[in-house]
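Each chain is listed here by its residues.
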Amino acid sequence: MTDWIAEEHKYLFQNYGRQPVVLDHGSGTRVWDVDGKEYLDFVGGLAVNALGHAHPVVAEALAAQSQQLIHTSNLFYTKPMIELAKLLVEHSCLDRVFFCNSGTEAIEGAIKLARRWGHDTRGGAYEIIAMQDGFHGRSTGALAATGTARYREPFAPLAPGFLHVPWNDLQAVKDATTPLTVAILVEPIQGEGGVNMPAPGYLQGLREWCDERHLLLIFDEIQTGVGRTGSLWAYEQEGVEPDIMALAKGLAGGVPIGAVLAREAIAAHLVPGDHGTTFGANPLATAVGLATMRYIIDNELAEAAARASDRLMTRLRSMEDRLPVVTEVRGRGLLIAVGLSRDISADVVAACRERGLLANNVRPNAVRLMPPLIVADGEIDRACDILEEAIMAVTKHGS
Ligand SMILES: *Cc1c(COP(=O)(O)O)cnc(C)c1O
């Protein structure tokens, strides 16, 4: 029998720390490995698989569009990109959409748009203030915006013009603002940073500061968007509207896609020749995006995620009483982290996997759960049982 893991080690770049499981197929919230072992998938493709695995809506849109048009180039108009853009505009506070292929590319597009606007309207202001522990992607621009020095430093020099200030510190943003500042870039909830919640009023404070200083507020909703936090976009629950928003991950149910949304007056600053991408807006990705988003909206899956979250949070919080090692349960909707008092998350995730639950050790002391929006109550209960057993096994008695 093929040793797939050994082959992977031989042929692929060794730039990922993959969990030692070779996945073969899935259905809903469940996946099976090549040996036929079943798992509950609470990684959800890192918040990508909004509708789980092999959802008929996604599969049928893929099949149908693949037989009609997969790619045309942006020299032409096609219907799916227009329909998806229209749907995103009608269901958000923003007016125009640019499609690309990943979150990183959406951030790059947002950075270029902000700088073009600064060039045209703010005397060439270009500096972008971003947050420590923020994550925005891996290209030399998106990485420059990313707030984790250890990701950035080996690849210096990166794109200049980015400043990082502590998360949840409004005064630090104000102190860092100069006449060259063009935008503030922030995740409404920090995902890769460990599911860090914004302090009450923080995002509102950023909005007010942007208005006062004529800066653009850019929300990176790549992880928090598409129903993940219990509303279609996370900003809705904060009473704050961004000027520019970056999307990707769940937008096309697993097919690679990214999008930049912006207010009309800002988007107007990009003119033909300023920006583009070959695969962006291609009919395959946008048709699947359209089917996925329609399904999420028509079936109120953001609201379903909020209900599922209540069940999951209640159960996880009850673990805090039984297991002293569980110090905190944080997050919103189906973007949740279980904080631990010790750096045992990798062991807990391994113990979960042995017992049939896939989870993510987002920090050495935090386990992240991001099941599909369609996760069932019984699956939540089962996942919590497994997680509790796993923590007990790793700590012997839970302390
Ligand atoms: C995943 C992520 C990105 C990067 O997206 P890619 O598709 O991996 O390029 C950027 N920002 C946030 C908040 C993310 O969660």
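Since the structure is predicted, the reported quantities are computational estimates derived from the model, not experimental observations.

About the criteria used
- Residues numbered from 1 in each chain as written.
- Predicted model: local features only at pLDDT ≥ 70, side-chain atom pairs only at ≥ 80, totals over all residues.
- Heavy atoms only, no water.
- Pairing = 2+ DSSP bridges.
- Helix = DSSP H or I, 4+ residues; strand = E, 2+ residues; numbered from the N terminus.
- Buried < 20%, exposed > 50% of the residue type's maximum accessible area, 1.4 Å probe, protein only.
- Right-handed = clockwise from strand over helix to strand, strands pointing away.
- Domains from an automatic or database assignment.
- Contact = heavy atoms within 4.5 Å.
- Buried area = accessible area lost by both parts, 1.4 Å probe.
- Salt bridge = Lys/Arg side-chain N within 4 Å of Asp/Glu carboxyl O.
- Polar contact = N/O pair within 3.5 Å; in protein donor to acceptor, adjacent residues only side chain to side chain.
- Axes fitted to C-alpha atoms, helices over the stretch in contact; angles between N-to-C directions.
- Near = heavy atom within 4 Å.
- Nonpolar A, V, L, I, M, F, W, Y, C, P; charged D, E, K, R; others polar.
- Phe/Tyr/Trp six-rings, centres within 6.5 Å; stacked < 30°, edge-to-face > 60°.

**Q** Help me understand the pairing of strand S11 (residues 326–332) in this model?
**A** Two faces, one strand: in a regular strand the side chains alternate between the faces of the sheet. Note that S11 and strand S12 (residues 335–340) share six bridges and pair antiparallel. Paired with Arg 330 across the two strands is Ala 337, which belongs to S12. Hairpin connection from S11 to S12: two residues lie between these consecutive antiparallel strands, with Gly 333 at a positive phi of about 60°.

**Q** Would you take a moment to explain the pairing of strand S8 (residues 216–220) for this structure?
**A** The buried fraction of S8 amounts to five of the five residues, a majority that puts the element mostly inside the structure. Burial along S8 is two-sided: Leu 216, Ile 218 and Asp 220 facing one way and Leu 217 and Phe 219 facing the other are all buried. The pairing of strand S7 (residues 181–186) with S8 spans four bridges and is classified as parallel. Its bridge partner being in S8, Val 186 is matched across the sheet by Phe 219. Crossover handedness for the path S7 to helix H9 (residues 202–213) to S8: right-handed. Pairing analysis gives three bridges linking S8 to strand S9 (residues 244–247), with the strands arranged parallel. Looking at S9, one finds that Asp 220 is bridged to Ala 246.

**Q** When you look at the domain arrangement of the protein chain in this model, what are you seeing that I'm missing?
**A** The extent of an interface is frequently quoted as the accessible surface area lost upon association of the parts. You can read the domains of the protein chain as domain 1 (4–54 + 301–398) and domain 2 (57–298). If you look at the interface, domain 1 gives 26 residues, while domain 2 gives 29 residues. Buried surface at the junction of domain 1 and domain 2, summed over both partners, amounts to about 2,300 Å²; 59% is from carbon and sulfur atoms. In this assembly, domain 1 and domain 2 are joined by two salt bridges. A salt bridge links Glu 238 to Arg 332, with the shortest nitrogen-to-oxygen separation between them at 3.0 Å. Across the domain 1-domain 2 interface, the total number found is nine residue pairs in polar contact (both at pLDDT 80 or more).

**Q** Which parts of the structure should I look at to understand the environment of Trp 209?
**A** The topology assignment puts Trp 209 in helix H9. With relative accessibility at 7%, the residue Trp 209 sits in the buried group. Once residues lying within four places of it in the same chain are set aside, the contact partners of Trp 209 are Val 173, Lys 174, Thr 177, Ile 184 and Leu 215. In this structure the side chain of Trp 209 is engaged in a polar contact, spanning 2.8 Å, whose partner is the side chain of Thr 177.

**Q** Help me understand the sheet that holds strand S1 (residues 23–27) in this model?
**A** Working definition: the strands of a sheet are paired by backbone hydrogen bonds and lie parallel or antiparallel to each other. The four strands lie next to each other as S1-S2-S3-S13, forming an open sheet whose pairing is mixed. Because the sheet does not close on itself, it has two edges, and the strands there are S1 and strand S13 (357–358). Strand direction decides the pairing type here: strand S3 (residues 38–41) and S13, joined by two bridges, are parallel. Considered in S13, the bridge of Asp 41 is made with Leu 358.

**Q** In this structure, what is going on with the sheet that holds strand S14 (residues 360–363)? I would like to understand it.
**A** Ordered by their spatial adjacency, four strands build an open sheet running S11-S12-S15-S14, and the pairing between neighbours is antiparallel. Both edges of this open sheet fall to S11 and S14, since each of them pairs with a single strand only. Adjacent strand axes in the sheet meet at a mean angle of 30° when their direction is disregarded. With two bridges joining them, S14 and strand S15 (residues 366–369) adopt antiparallel strand pairing. Across the sheet, residue Arg 363 finds its bridge partner in S15, namely Ala 366.

**Q** Looking at this structure, I do not really get the site of the ligand. What am I missing?
**A** The environment of the ligand is formed by Ser 102, Gly 103, Thr 104, Phe 135, His 136, Gly 137, Glu 187, Asp 220, Ile 222, Gln 223 and Lys 249. In this structure, Gly 103 approaches the ligand through a main-chain N or O atom, which is 2.8 Å from an oxygen atom. At 2.7 Å from a nitrogen atom of the ligand is found a side-chain nitrogen or oxygen belonging to Asp 220. A breakdown of the residues in the shell around the ligand according to their chemical character gives two nonpolar, six polar and three charged.

**Q** Could you clarify how one ought to interpret the packing of aromatic side chains in this entry?
**A** A ring pair, where both rings are aromatic, is described by two values, the distance of the centres and the angle of the planes. Applying the stated rule across the entire model yields two aromatic pairs. For the ring pair Phe 135 and Tyr 151, a centre distance of 6.2 Å and an interplane angle of 85° mean the geometry is edge-to-face. A residue pair is termed long-range when its members are at least 10 positions apart, and Phe 135 in the loop between strand S5 (127–131) and helix H6 (142–145) and Tyr 151 in helix H7 (residues 149–152) qualify at 16 residues. Since its relative accessible area comes to 17%, Phe 135 is described here as buried. Arranged with centres 5.3 Å apart and planes meeting at 75°, the rings of Trp 167 and Tyr 202 form a pair that is edge-to-face. Within this pair, whereas Trp 167 is found in the loop between strand S6 (162–165) and helix H8 (170–176), its partner Tyr 202 is found in helix H9, the two being separated by 35 residues in sequence.

**Q** Even after reading the chapter, I still don't get the environment of Ala 306, so can you show me in this structure?
**A** Here Ala 306 shows up in helix H12 (residues 301–322). When the C-alpha atoms of Ala 306 and His 53 are compared, they prove to be 20 Å apart, with 253 residues separating the residues in sequence.

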